[in-house]
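Structure at a glance
Here is what each chain is made of, one letter per residue.
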Amino acid sequence: MGDSTDGSSIAAPGAQGEEIEQNESTANSGGFFKRIIGALSPSDMGDEDDGTGLAAQHPLPGLSNLRHMRVEDVAVPKADIVSVPCTISREELVEQFRESGMSRLPVYDGTLDSPQGMIHLKDFALRHGFNGSGGHFDVTDMLRPLLYVPPSMTIGVLLQKMQTERKHMALVIDEYGGVDGLVTIEDLIEQVIGEIEDEHDTDDDSYWTLEKPGIYIALAKTPLDEFEAEIGLSLTETEDVDEEEIDTLGGLVFMLSGRVPVRGEVIKHPAGPEIEVVEADPRRIKRLRVRVNGGTES
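An account of the accompanying structure is given in this report.

Calculation notes
Residues numbered from 1 in each chain as written. Predicted model: local features only at pLDDT ≥ 70, side-chain atom pairs only at ≥ 80, totals over all residues. Heavy atoms only, no water. Phe/Tyr/Trp six-rings, centres within 6.5 Å; stacked < 30°, edge-to-face > 60°. Helix = DSSP H or I, 4+ residues; strand = E, 2+ residues; numbered from the N terminus. Buried < 20%, exposed > 50% of the residue type's maximum accessible area, 1.4 Å probe, protein only. Pairing = 2+ DSSP bridges. Contact = heavy atoms within 4.5 Å. Axes fitted to C-alpha atoms, helices over the stretch in contact; angles between N-to-C directions.

1. What about the packing of aromatic side chains?
Under the criterion given, the structure shown has 4 aromatic pairs. Relative to Phe124, the ring of Phe97 lies with its centre 6.3 Å away and its plane at 35°, an arrangement referred to as tilted. Here Phe97, found in helix α6 (residues 90-100), pairs with Phe124, found in helix α7 (residues 121-128); they are 27 residues apart in sequence, far enough to count as distant. Residues Phe97 and Phe124 agree in their burial class; the two are buried. Centre to centre, the rings of Tyr216 and Phe227 are 5.4 Å apart; their planes meet at 80°, and the pair counts as edge-to-face. Taken together, the residues Tyr216 in strand β9 (residues 215-219) and Phe227 in helix α10 (residues 224-231) connect sequence positions 11 residues apart.

Encoded structure:
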């Protein structure tokens, strides 16, 4: 698991013809991501750094990220990985799928440092139905293999490896053989084309939806003034919030908690509403559930 798998090479002087032939061979050998990576020369992948280092710290989506970004730059940290033990019951697995909203979950034996594979919701549903009923249940009977990769691997190499081996999830393994993080193929593609909205995301032209009376599902980027007008309540007239420093609902949550809260965490607003983090990663909040006064689940 050394750094030799970073997928980069330096052409010797006078070897440009051989390099072009190699790229053409790669492009014709099949595989969408292989063709992309093979077509990129070192000059195509140059940094657009202004000398401040900001480009490296906060890279924009683009093909150059395939060669410049490493797995450790995009991986979900170990503490935030949603996984299940190999001894999990059918009912507990159904609940985990439902709560996490994920279709793939790593399975471990004892601790996450002893991964056994991955359980896919489709495999579970085909065998036991979406409600998890009928037949003998053993999660190990439905395991799919995972990829295990070093943190130093470039995301372009991993993307190509995932396509070749038809695996959509990889665990990042540290130098001691323990699990250090998790990466999905979607995480890698987003570094090239930008964030991918899934079927659970609200439309761009609607920052929030009314889930039930008094309960809203809202994007973290929801303008705070617009949401306040919707619910008829000021969320900034409190000593805990400086309205000059925040413009969005996500910013409000960050200010109230003093950090990026984790998925499932509930932040109580001094004015009464409760704000639950529905979706977040270690770097940002994505979606929220807001229960204004009088909002109930029933």
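2. Examining the sheet that holds strand β5 (residues 147-149)
Pairing within the open sheet is mixed, and its 4 strands lie in the order β1-β7-β6-β5. The sheet terminates laterally at β1 (76-77) and β5, the two strands that pair on one side only. Sheet topology note: the β5/strand β6 (residues 169-173) ladder contains 3 bridges and is parallel. For Val149, the partnering residue across the bridge sits in β6 and is Val172. Across the sheet, helix α8 (residues 155-165) touches β5, β6 and β7 (179-184), and the angle it forms with β5 is around 160°.

This is a description of form; function is not addressed.
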